Amino acid sequence: MLTSGGDAPGMNAAIRAVTRSAIFHGMTVKGIYRGYKGLITGEIAEFKTQNVSNIIQRGGTILKTARCMEFKTPEGRKQAFETLQKENIDALVAIGGDGTLTGARIFAQEFNYPVVGLPGTIDNDLFGTDVTIGYDTALNTIMQCVDKIRDTASSHDRLFFVEVMGRECGFLALNGALASGAEAAIIPEISMEKDQLSDILDYGIRTSKNSSIVLVAESEVTGGAMGVAERVKKEYPNFDVRVTILGHLQRGGSPSAQDRIMATRMGVAAIDALLEDQRNVMIGIQNEQIVYVPFSKAIRNEKPINRDLLEVLRITSI
Ligand code: F6P
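Residues numbered from 1 in each chain as written. Predicted model: local features only at pLDDT ≥ 70, side-chain atom pairs only at ≥ 80, totals over all residues. Heavy atoms only, no water.

Of note, Phe-81 is situated in helix H3 (residues 74-86). Phe-81 sits in the buried class, given a relative accessible area of 18%. For the pair formed by Phe-81 and Thr-3, sequence separation is 78 residues and the distance between their alpha carbons is 17 Å. Among all residues touching Phe-81, those that are not within four sequence positions of it are Phe-107, Phe-111 and Tyr-113. (Helix = DSSP H or I, 4+ residues; strand = E, 2+ residues; numbered from the N terminus. Buried < 20%, exposed > 50% of the residue type's maximum accessible area, 1.4 Å probe, protein only. Contact = heavy atoms within 4.5 Å.)

This part covers the packing of H3 against helix H4 (residues 98-111). Two elements in contact, H3 and H4, have axes whose closest approach is 11 Å; the angle formed by their N-to-C orientations is 70 degrees. Classified by the interaxial angle, the pair formed by H3 and H4 is roughly perpendicular. Between H3 and H4 lies a crossing whose hand is right-handed. Of H4, the residues touching H3 (which contributes Arg-77, Lys-78, Ala-80, Phe-81 and Leu-84) are Ile-106, Phe-107, Glu-110 and Phe-111. Tallied by class, the residues present in the contact of H3 with H4 amount to 6 nonpolar, no polar and 3 charged. (Axes fitted to C-alpha atoms, helices over the stretch in contact; angles between N-to-C directions. Parallel < 35°, antiparallel > 145°, perpendicular 65-115°, else oblique. Left-handed = near helix turned anticlockwise from the far one by under 90°. Nonpolar A, V, L, I, M, F, W, Y, C, P; charged D, E, K, R; others polar.)

The domain architecture assigned to the protein chain consists of domain 1 (2-134 + 255-300) and domain 2 (137-251). Distance from the C-alpha centre of domain 1 to the C-alpha centre of domain 2: 33 Å. Facing 12 residues of domain 1, the contacting portion of domain 2 comprises 11 residues. The junction of domain 1 with domain 2 conceals about 1,000 Å² of combined surface from both sides, 48% of it contributed by carbon and sulfur atoms. By the criterion of area lost to domain 2, the three top residues of domain 1 are Asp-7, Ile-122 and Asp-123, representing 48% of everything that side buries. Counting across the domain 1 and domain 2 interface gives 5 residue pairs in polar contact (both at pLDDT 80 or more). Residue composition of the side of domain 1 that touches domain 2, by class: 3 nonpolar, 4 polar and 5 charged. (Domains from an automatic or database assignment. Buried area = accessible area lost by both parts, 1.4 Å probe. Polar contact = N/O pair within 3.5 Å; in protein donor to acceptor, adjacent residues only side chain to side chain.)

Below you can see the structure in the form of structure tokens.
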């Protein structure tokens, strides 16, 4: 097993579950360090049950992670395949986001090799699963941060633009806004269709309130919190505007109960899938049930945002 791409809280819970479930079923487990990089360089160690003790509560990933450019080349993937053969590894569990599963898919096809993926990303942008590992914890972190920002925003009667992560997806921004009682969210899915900022300002964001908080998803399309704030400063010079970019603190911290439980269920399901001769599938959760989602669907299809939530946000922010 390996973790790759951006780390996400709950990855350790997944590592623990994959290890223990595999050993429970009589398999040998090896941990590959630094994602696909370690697969190429052979940074690998056998994992016993003790190796995964006392990690369920820890953020980050004990296997470390990396964004690996070599794995994007046929030579890099060939080297990775040779490592797997040398180490007598018969199947791979890859935990990560869109980039990780894209790499897994190409590799599995190229070498006809069994790979099962676990959705590990705070972005929640994988199709076929209601949620991804790390998303709930990141959402809670955003909520706690915005709660704190509100104290100072309301004391100073300021308009705050808070930028959250999401890599061209608005799940964290929209649900973070709902959870923290923010006045609005600017998300790429909608920004592509219309000028959300104009809408928000036309609707009269500050008619009944002296302070406001708008969550902005990081994205070229939204312009990010800085871009939006610059526009507002020009058009409404009387507004006292401030920007906070939450950044990588959204990726850290002890995983929430939901992320731990989900990662544990998904880790066990990954081994079940391999025992059932499944390959090239991502483990997902839909309506509380484990599902197998072909890599091609999980990666290619754009996961839709629930547009009803925008209306809920609009109604509750008057
Ligand atoms: O995919 C997870 C994520 O945190 C995105 O939300 C963000 O755009 C990106 O990773 C940041 O990546 P890095 O840590 O490599 O700068």
